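# What the coordinates show
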Amino acid sequence: MAERARSRRKGKKVKGANGVARAGHNSGEVPDEVYQRWLPKIELATKVYDSAAKIAKKRKSELASVFKAAGNDGCHRDAIHRARGFAKQDRAQLAIEFAEVGRVLRLMESPIDLFADVKRPEITSPYLRGQQAGQRGDPATDNPEIPGSEAFMDWAAGWENGQQGNRETLKGDSAALPLA
Amino acid sequence: MRLLALDTSTHVGWALFAHPHRVVDFDTWEMPEGNTADDMGTRWLAFDFWLAGMIRNHRPLTIAFEAPISPNMPFAKSNTRTMRLLHGITVIAETVAARHGVRCIEVPNSTAKLRLVGDHRAKKPAMIAAALRLGHQVADDNQADAIGVALATYEHLGIS
């Protein structure tokens, strides 16, 4: 079987000092002292949780009252909820989602065109921007990066790759043409 | 270190990296249909030819592929036929890699997601968005997954 990649996580749990599993950890019957060690901790954590849950319930009720008051004052409550939800999300992810919603609406021939102008995020990699410029046939002198920088070299390499792709496409097309 | 990363499915997303910060190319290879629904041999054979061609043309030192989901995982949604197809693909990937003397590494799906998005349960749109943020204009989630597999592999190998 192939070697398996592992993610590098901080704070990895280790076994006992000698690398051997501690008593009670999958090593047969769990002794009473293990239960006695954990039960008070569970009891305490439960009390803390119950207390916090009571406070959270009260705060939730207060929040609902504020939303209700805002609604009574003319605010669109659903819009506030949605906007707050969007604000927590990633911009690029939202842009993709909205662009796809606009696409589906267009295919459905819906008159709703609210998402029609949403664009996918722009390319930030100089290599890929250069590649697109090469594919478009832009001159190599259009390199917008600072001469001598790594980004400049990347853009130039991308441009060359784009041009190479064009050449190969043209070669394929001409090969398909019938001989005179 | 030149690396070819694969997102194994019937739409094989692939990404060729020269080093962790330089993608040479990425695309999706569509696996052809078999003669019948149960004809997996034709599909595996096509994958064998395609992968061997990729190794000959691009000369990667390492191949990495997304580990297929095990049928006993509680969240596995694929049916038995799909499972069989995916496990077959990974067998072929390892076989082709061994034939060409290329190191082969499998990357759990969650590890690739964690590396690219920072969330081991990231959905497809999040993977695409993360790839786009890195500047890779991916066309679909298969390509984004392949990029995640590549980055996780470099991390596993300690190459940054």
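Up top you'll find the structure we're talking about.
The following paragraphs examine the structure supplied in this document. (Residues numbered from 1 in each chain as written. Chains lettered and ligands numbered in written order. Predicted model: local features only at pLDDT ≥ 70, side-chain atom pairs only at ≥ 80, totals over all residues. Heavy atoms only, no water.)

## Quick word on the overall build of chain B
- Scanning chain B from terminus to terminus reveals 5 helices and 5 strands.
- From first element to last, N terminus to C terminus, chain B shows the α and β order β-β-β-α-β-α-β-α-α-α.
- Considering chain B as a whole, with its 160 residues, one finds that 54% of them fall into the buried category.
- On chain B, roughly 7400 Å² of surface is accessible, and the fraction owed to carbon and sulfur atoms is 52%. (Helix = DSSP H or I, 4+ residues; strand = E, 2+ residues; numbered from the N terminus. Buried < 20%, exposed > 50% of the residue type's maximum accessible area, 1.4 Å probe, protein only. Areas by Shrake-Rupley, 256 points an atom, 1.4 Å probe, with all protein chains shown as cover.)

## Observations concerning the pairing of strand S3 (residues 22-30) of chain B
All names here are of chain B.
- Note that strand S2 (residues 11-19) and S3 share 8 bridges and pair antiparallel. Each bridged residue has a counterpart across the sheet, and for glycine 13 the counterpart in S3 is threonine 28.
- Where S2 folds back onto S3 in an antiparallel hairpin, the turn is made up of 2 residues. (Pairing = 2+ DSSP bridges.)

## Digging into the packing of helix H1 (residues 40-58) of chain B against helix H2 (residues 80-99) of chain B
All names here are of chain B.
- Where H1 meets H2, the closest approach of the two axes is 9 Å, and the angle between their N-to-C directions is 35°. When you trace H1 past H2, the crossing you get is right-handed. Each of Met40, Arg43, Trp44, Phe47, Asp48, Leu51, Ala52 and Ile55 in H1 lies in contact with H2, whose residues at this interface are Arg81, Arg84, Leu85, Gly88, Ile89, Ile92, Ala93, Val96 and Arg99.
- Taken together, the residues that form the contact of H1 with H2 break down as 11 nonpolar, 1 polar and 5 charged. (Axes fitted to C-alpha atoms, helices over the stretch in contact; angles between N-to-C directions. Left-handed = near helix turned anticlockwise from the far one by under 90°. Contact = heavy atoms within 4.5 Å. Nonpolar A, V, L, I, M, F, W, Y, C, P; charged D, E, K, R; others polar.)

## Thoughts on the environment of B:Ile105
- Residue placement: B:Ile105 occurs in strand S5 (residues 103-107).
- Take B:Ile105: its relative accessible area is 0%, and that puts it in the buried class.
- Separated by 11 residues in sequence, B:Ile105 and B:Glu94 have C-alpha atoms that sit 8.7 Å apart.
- Residues within four places of B:Ile105 in sequence aside, it is in contact with A:Ala2, A:Glu3, A:Ala5, B:Thr62, B:Ile63, B:Ala64, B:Phe65, B:Thr153, B:His156 and B:Leu157.

## Describing the interface of chain B and chain A
- Taken together, the contact pairs 29 residues of chain B with 21 residues of chain A.
- Note on chain B versus chain A: buried area summed over both sides is about 2300 Å², and carbon and sulfur give 50% of it.
- Its largest share of buried area at the contact with chain A, chain B owes to B:Glu106, B:Gln137 and B:His156, together 23% of the area lost on that side.
- The tally of links from chain B across to chain A stands at 3 salt bridges.
- A salt bridge links B:Arg22 to A:Asp154, with the nearest nitrogen and oxygen atoms 2.5 Å apart.
- Linking chain B with chain A are 7 residue pairs in polar contact (both at pLDDT 80 or more).
- Ranked by residue count, the leading element in the side of chain B that touches chain A is helix H4 (residues 124-133) of chain B, at 6 residues. (Buried area = accessible area lost by both parts, 1.4 Å probe. Salt bridge = Lys/Arg side-chain N within 4 Å of Asp/Glu carboxyl O. Polar contact = N/O pair within 3.5 Å; in protein donor to acceptor, adjacent residues only side chain to side chain.)

## Points about helix H5 (residues 141-157) of chain B
- Between its first and last C-alpha atoms H5(B) spans 24 Å; for 17 residues at 1.5 Å apiece the expected length is 24 Å, and the two agree.
- Backbone nitrogen of B:Asn142 and a side-chain oxygen of the N-cap are separated by 3.0 Å at the start of H5(B); the cap is B:Asp140. (Expected span 1.5 Å × (residues − 1).)

## Some points on the pattern of salt bridges
Residue and element names in this part refer to chain B.
- Scanning all chains against the criterion turns up 14 salt bridges over all chains.
- As a salt-bridge pair, arginine 99 and aspartate 48 come within 3.3 Å of each other at their nearest N and O atoms. Residue arginine 99 is located in helix H2, and its partner aspartate 48 is located in helix H1; the two are separated by 51 residues in the primary sequence.

## Quick look at unusual backbone geometry
- Even without glycine at this site, A:Glu109 takes up a positive phi of about 55°.
- Residue placement: A:Glu109 occurs in the loop between helix H3 (91-107) and helix H4 (126-136).
- Non-glycine residue B:Arg59 carries a positive phi angle of around 50°.
- Relative to the assigned elements, B:Arg59 resides in the loop between H1 and strand S4 (62-66).
- Residue classification places B:Arg59 among the exposed positions, given a relative accessible area of 62%.

## A few points about a nonpolar patch on the surface
- On the surface, A:Tyr35, A:Trp38, A:Leu39 and A:Ile42 cluster together into a nonpolar patch covering about 460 Å² of accessible area.
- Relative to the helices and strands, A:Ile42 resides in helix H1 (residues 32-72). (Patch = residues over 30% accessible without salt bridge, like charges linked within 9 Å, V, L, I, M, F, W, Y side chains within 5 Å.)

## Quick notes on the side chain of A:Gln131
All names here are of chain A.
- As for its position among the elements, glutamine 131 is in helix H4.
- A polar side-chain atom of glutamine 131 sits 2.6 Å from a polar atom in the side chain of asparagine 161.
- Other than its neighbours up to four places away in sequence, glutamine 131 contacts Gly158, Trp159, Asn161 and Gly162.

The quantities given are spatial measurements derived from coordinates; they are silent on function.
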